[in-house]
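Notes for the structure review
If you want the building blocks of each chain, they are given just below.
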Protein chains: 2
Amino acid sequence: MTILGFGENDLVPLVTAVAGHDLDRAGIEEVFARAAWSGIAEPGDRFAFAVVDALGAGGALRGLRAGWSPVELNARLADAGHDTLPADDLDTALKRWMPRLADAATLHPLRQAARVGARLLVPSDPRWPAGVDDLEEHAPLALWVRGTDEALAALPRSMSLVGARAATGYGETVTGEASAGLVDRGYAIVSGAAYGIDGMAHRAALRSGGITVAFLAGGVDRFYPGGHETMLAEMAQTGAVIAELPCGAAPTRWRFLQRNRLIAAASRATVVLEAGARSGSLNTAGHASQLGRPLGAVPGPVTSPASAGCHRLLREFGAVCVTNPDQMAELAPLDHAPTLFDLGDGARAADLTRLYDAMSVRSPRDAADIAVRSGLPLDRVRSLLGRLELDGDVVERERGWVMVPG
Amino acid sequence: MTILGFGENDLVPLVTAVAGHDLDRAGIEEVFARAAWSGIAEPGDRFAFAVVDALGAGGALRGLRAGWSPVELNARLADAGHDTLPADDLDTALKRWMPRLADAATLHPLRQAARVGARLLVPSDPRWPAGVDDLEEHAPLALWVRGTDEALAALPRSMSLVGARAATGYGETVTGEASAGLVDRGYAIVSGAAYGIDGMAHRAALRSGGITVAFLAGGVDRFYPGGHETMLAEMAQTGAVIAELPCGAAPTRWRFLQRNRLIAAASRATVVLEAGARSGSLNTAGHASQLGRPLGAVPGPVTSPASAGCHRLLREFGAVCVTNPDQMAELAPLDHAPTLFDLGDGARAADLTRLYDAMSVRSPRDAADIAVRSGLPLDRVRSLLGRLELDGDVVERERGWVMVPG
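Remember, predicted model here, so these are calculated numbers, not experimental data.

About the cut-offs
- Residues numbered from 1 in each chain as written.
- Chains lettered and ligands numbered in written order.
- Predicted model: local features only at pLDDT ≥ 70, side-chain atom pairs only at ≥ 80, totals over all residues.
- Heavy atoms only, no water.
- Core = buried A, V, L, I, M, F, W, Y, C linked by side-chain atoms within 4.5 Å.
- Buried < 20%, exposed > 50% of the residue type's maximum accessible area, 1.4 Å probe, protein only.
- Helix = DSSP H or I, 4+ residues; strand = E, 2+ residues; numbered from the N terminus.
- Contact = heavy atoms within 4.5 Å.
- Polar contact = N/O pair within 3.5 Å; in protein donor to acceptor, adjacent residues only side chain to side chain.
- Pairing = 2+ DSSP bridges.
- Axes fitted to C-alpha atoms, helices over the stretch in contact; angles between N-to-C directions.
- Phe/Tyr/Trp six-rings, centres within 6.5 Å; stacked < 30°, edge-to-face > 60°.
- Lys NZ or Arg CZ within 6 Å of the ring centre and 35° of its normal.

Counting residues in each nonpolar core, the largest one holds 71 residues, and the members touching the most others are Val 213 and Ile 242 of chain A together with Val 213 and Ile 242 of chain B. With five residues, the single largest contributor to this core is helix 11 (residues 253-266) of chain A. Filtering out sequence-adjacent residues up to four positions away, Val 213 of chain A remains in contact with Ala 151, Leu 155, Ile 189, Val 190, Ser 191, His 202, Met 235, Ala 240 and Ile 242 of chain A. Ranked by size, the runner-up nonpolar core spans 61 residues in total, among them Ile 28, Val 31, Trp 68 and Ala 104 of chain A.

So this is what it looks like as structure tokens:
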């Protein structure tokens, strides 16, 4: 028997190992086909999503192999009860996918994953992070993971902490405190493993014994950037390192931008801790906004170009100004304890201010004198003095009232 | 003949001098009576406003002198076609005002003003700053001014720059640049003459040859604080120093808080440049908000308690994040040149990013290779390469295409 052209004896043990659990024949096909699709389509390709969604990953892969034309593909979409796609767009999409079919639809990606201990998650897997489905037609087709089930389960209570590679001491200090503080409050920390702010967010979470998850722009076989290999290896032990491209895939600028949408979608909220005017983290912030996820930005000195991007988020994109872990947690609380804003008794406070203005610690004054000086009616002065006396804030001497210091 | 009990020969020359122009009999009475009221009622007293508004300043003063009861006062309000006021509130108000009547309703305040060269503005004066009328029932009854008509005329194009006394070097630097930059853009600078941010705002405006106006919490005869006497004297020459209390009145905490409403109301917008969590400038910001005036706040390091108040304004009170004079000017532009936000051609930019990802400066690659690497259709790759070649961004060598550096 074969599945998608591969012998069961070759395919089943490999797919089972990479999936991490036993699967039926349809499951085997699904995992294999999604592994292939993760190498055929670039991240965020909505035509790939539509075709896989309509025909199943295996069915769509068979269509590619059969060399279906846009017309044939649309006929199948219609048969499956799905909307057809513009023929021009499908034609362009097929031209994108076909050159990659031969390499991607083999056992090679699965073997590479098995070699480094990576697993493949597909959307039907109970460990699939539900947040990324909010990306809708731009959701990933599959996710390659090196890490723990516990880390995957922690994503619904995670916060993304992102920022510029070119971080300052200020940005790193604030990020370290934010990450440790959020771990203390029960959050997992998501970021992009870059130098600067991202790296500090992961490291501080690790140091605090927290769960931290990185989304990479290339394959999880190669920990990028090189200087963070040790950190990412440690994360893979206690947290997770995740990518939507198969092993061997190089990180490109396009893939960094698309990776950012996963960071925004996988977490409850995104905080930009330090970012210059052109930092890639602003792209992550944009994804968070588009997804309706809460977005926070940490301000910095206006004289620091390294904070210009954060200020732009505050100014133009409705980011919430956050200055400490408590405020970050308020962006997406883990529970819903109500917070009250005590407005106080304004009129009484105003009268008290006037009364104290008219009094002295040293010079005793009688109530009439205080009434003239304060502009308050005499009976109001008497009533306030009486109440304050009970509290020990004023005292009546032989020649009049004085304030009690302190 | 007498006016409000004073001989015309005494009153008319004095009032004329302090008003700065000739007045008819009603005008003389109005100026004298408002001068008296400015010493009878504390700033922001809405009952004083209501009574003066209904009966005229002179009529209301006659009523005080006649010892009208709340019932009599309400009868006159009704006669004048105005709403009556709660008898309890009127009773309390009369008890506030009566103790001050004897001192305030004399020639003394006018003589003090004449001595220091201060003038009295009343709402009917064409130089009256219209902005303060937005305070409605909390508008000032009169304004004592030491300064130029030009400065009064500049208030409609002014910006308030306020902040904490306990300013840091950062706050002062940013304030100096803001003030000078706004002067360059045609704004007058309003502030409260305090040490720290206020003082820097005034000084930088003076140094830039701009118009700057201070609102004081006490009388304009005494320049407060003492260390700013020279600065305020210079401001009175080219700008203005304004108070709603008569000469001799001491600044009290209550009066500082009320003074802040004038700063907010007299200017087009308010910017808080540096303020700790308890800075009085947050009160000015609150007034600006209540008045519907644009409110800006300059962020600072989250590690600096001196910026905590600014961050609170950004976070909780909808202040706009402003980082330079251009952004401050945008809060309340002096003209209405449209600004365009160029969204660019997103799809084309995305394809270009992918194309460049797939190319090298050193290794020539043919279009088919670039198509596979980029995931773009071959014909799209060819079309983009053709266009980029015309711009000199890529070049075709013997063995394929390379990017042109720089």
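On to the side chain of Arg 96 of chain A. Within the element layout of this structure, Arg 96 of chain A appears in helix 5 (residues 87-104). The buried category is assigned to Arg 96 of chain A, whose relative accessible area is 13%. Of the polar contacts made by the side chain of Arg 96 of chain A, one reaches the side chain of Asp 45 of chain A; its length is 3.0 Å. Contacts of Arg 96 of chain A, omitting those with residues within four sequence positions, involve Asp 45 and Phe 47 of chain A together with Arg 354, Gly 375, Leu 376 and Pro 377 of chain B.

All names here are of chain B. The strand order across the open sheet built from nine strands is 3-4-8-7-6-5-9-10-11, with neighbouring strands paired in mixed fashion. With one partner strand each, in any of the chains shown, strand 3 (119-121) and strand 11 (320-321) form the two edges of the open sheet. Pairing geometry for strand 5 (residues 158-162) and strand 6 (residues 188-191), over three bridges, is parallel. Paired with Ser 158 across the two strands is Ala 188, which belongs to strand 6. Against the sheet, helix 9 (residues 197-207) contacts strand 5, strand 6 and strand 7 (212-215), and its axis sits at roughly 160° relative to strand 6.

Before going further, it helps to spend a moment on the packing of aromatic side chains. Counted by the stated rule, this structure contains six aromatic pairs over all chains. Aromatic pair Phe 6 of chain A and Phe 32 of chain A: ring centres 5.0 Å apart, planes at 55°, arrangement tilted. Within this pair, whereas Phe 6 of chain A is found in strand 2 (residues 6-7), its partner Phe 32 of chain A is found in helix 2 (residues 25-40), the two being separated by 26 residues in sequence. Of the two residues, Phe 6 of chain A and Phe 32 of chain A, neither departs from the other in class, the shared state being buried. Ring geometry for Trp 37 of chain B against Trp 97 of chain B: centres 5.2 Å apart, planes inclined by 85°, an arrangement best described as edge-to-face. Taken together, the positions of Trp 37 of chain B in helix 2 (residues 25-40) and Trp 97 of chain B in helix 5 (residues 87-104) put the pair 60 residues apart, joining distant regions of the chain. By relative accessible area, which is 0% here, Trp 97 of chain B ends up buried. Above the face of the Phe 256 of chain B ring, Arg 165 of chain B is positioned so that its terminal group lies 5.9 Å from the ring centre. The side chain of Arg 354 of chain B reaches across the aromatic face of Trp 254 of chain A, ending 4.4 Å from its centre.

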